[in-house]
Amino acid sequence: TCDGRSYFDTTTPISVCPDAMLDRLNTICLLFVAAGFGALVGEFLKYVFFTVLQEGLILKLRSAAFAALVRQDVGFFDDPKNGPGGLTTTLARQTFQVAQMTGLSAGN
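If you're wondering where the values come from, they're calculated on a predicted model, not measured in any experiment.

Student: Would you take a moment to explain helix 2 (residues 84–102) for this structure?
Tutor: Counting along an α-helix, one turn takes 3.6 residues, and residues three or four places apart therefore face a common direction. With 19 residues, helix 2 extends 27 Å from end C-alpha to end C-alpha; this agrees with the ideal 27 Å at 1.5 Å per step. Among all positions in helix 2, only L87, T95 and A99 are buried. Taken around the axis of helix 2, the buried residues stretch over an arc of 100 degrees, which confines them to a single face. Away from its buried face, by an angle of more than 90 degrees, helix 2 presents the exposed residues F96 and M101. Buried residues along helix 2 sit in contact with helix 1 (19–70).

Student: Where do I start with the pattern of salt bridges in this structure?
Tutor: Two side chains with opposite charge may pair up if their charged atoms get near one another. One pass over the full model with this rule turns up 1 salt bridge. The shortest N-O distance in the salt bridge between K46 and E43 comes to 3.2 Å. Taken together, the residues K46 and E43, both in helix 1 and 3 residues apart, mark about one turn of the helix. Of the residues examined, E43 reaches a relative accessible area of 48% and is grouped as partly exposed.

Student: What should I look at first to understand the packing of helix 1 against helix 2 in this one?
Tutor: Axis angle and axis distance: for two packed helices, these are the angle between their axes and the distance between the axes, and together they describe the pair. Two elements in contact, helix 1 and helix 2, have axes separated by 10 Å at closest approach and are oriented at 150 degrees. Classified by the interaxial angle, the pair formed by helix 1 and helix 2 is roughly antiparallel. Classified by chirality, the crossing of helix 2 by helix 1 is right-handed. On helix 2, the residues that touch F50, Q54, L57, I58, L61, R62, A65 and L69 of helix 1 are L87, L91, T95, V98, A99 and T102. Of the residues in the contact of helix 1 with helix 2, the class split is 10 nonpolar, 3 polar and 1 charged.

Student: Any chance you could explain a nonpolar patch on the surface here in plain terms?
Tutor: Taken together, the side chains of F37, L40, V41, F44, L45, Y47, V48 and V52 define a hydrophobic patch exposed on the protein surface, amounting to about 810 Å² of accessible area. Relative to the assigned elements, F37 resides in helix 1. Relative accessible area serves as the criterion here: at 54%, F37 is assigned to the exposed category.

Student: Is there a simple way to think about the packing of aromatic side chains in this case?
Tutor: Two measures describe an aromatic ring pair: the distance that separates the ring centres and the angle between the ring planes. Under the counting rule described, the total for this entry stands at 2 aromatic pairs. Taking the centre distance of 5.2 Å and the plane angle of 80 degrees together, the rings of F49 and F50 count as edge-to-face. Of the residues examined, F49 reaches a relative accessible area of 51% and is grouped as exposed. Looking at F50, the relative accessible area reads 17%, which means it is buried. Ring centres 5.3 Å apart and planes at 85 degrees place the aromatic pair F76 and F77 in the edge-to-face group. With relative accessibility at 27%, the residue F76 sits in the partly exposed group. F77 sits in the partly exposed class, given a relative accessible area of 36%.

Cut-offs applied
- Residues numbered from 1 in each chain as written.
- Predicted model: local features only at pLDDT ≥ 70, side-chain atom pairs only at ≥ 80, totals over all residues.
- Heavy atoms only, no water.
- Helix = DSSP H or I, 4+ residues; strand = E, 2+ residues; numbered from the N terminus.
- Expected span 1.5 Å × (residues − 1).
- Buried < 20%, exposed > 50% of the residue type's maximum accessible area, 1.4 Å probe, protein only.
- Arc of directions from axis to C-beta.
- Contact = heavy atoms within 4.5 Å.
- Salt bridge = Lys/Arg side-chain N within 4 Å of Asp/Glu carboxyl O.
- Axes fitted to C-alpha atoms, helices over the stretch in contact; angles between N-to-C directions.
- Parallel < 35°, antiparallel > 145°, perpendicular 65-115°, else oblique.
- Left-handed = near helix turned anticlockwise from the far one by under 90°.
- Nonpolar A, V, L, I, M, F, W, Y, C, P; charged D, E, K, R; others polar.
- Patch = residues over 30% accessible without salt bridge, like charges linked within 9 Å, V, L, I, M, F, W, Y side chains within 5 Å.
- Areas by Shrake-Rupley, 256 points an atom, 1.4 Å probe, with all protein chains shown as cover.
- Phe/Tyr/Trp six-rings, centres within 6.5 Å; stacked < 30°, edge-to-face > 60°.

Read these as geometric descriptors, not functional statements.
Rendered as C-alpha cells:
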C-alpha cells in the first residue's frame, strides 16, 4: 500500500503509487491460481464420483445377469447360440455399453 491507502483500492493512479499496479497484478494472479486449483479439485472429485458410481452399477448389473443365466433351464444352454463363449461375450459387451453410458461420459 502507498500512503495508507487500502490494498484493494483500485482507484489509486500508478503515478501516485507505482507499486499499486504490481500489487493489484499479484492479487489477480493469485486469484487465477486459486480458480485453477479449484477447477482441478472439482474435476478430480467428478472423476472419482462417476467412476465409483459406474463400477457399483456394473457390479450389480453383472450379478443380476449372472443370476438370470443360472435360473435358466438346461435346455437353454443346448442351443448353439447360448454356448459359454457367446454368453460370456454378450454379458461383457452389454455391461461395457452400460458402463459407457453411465460412467464419466455422463458427468461431462
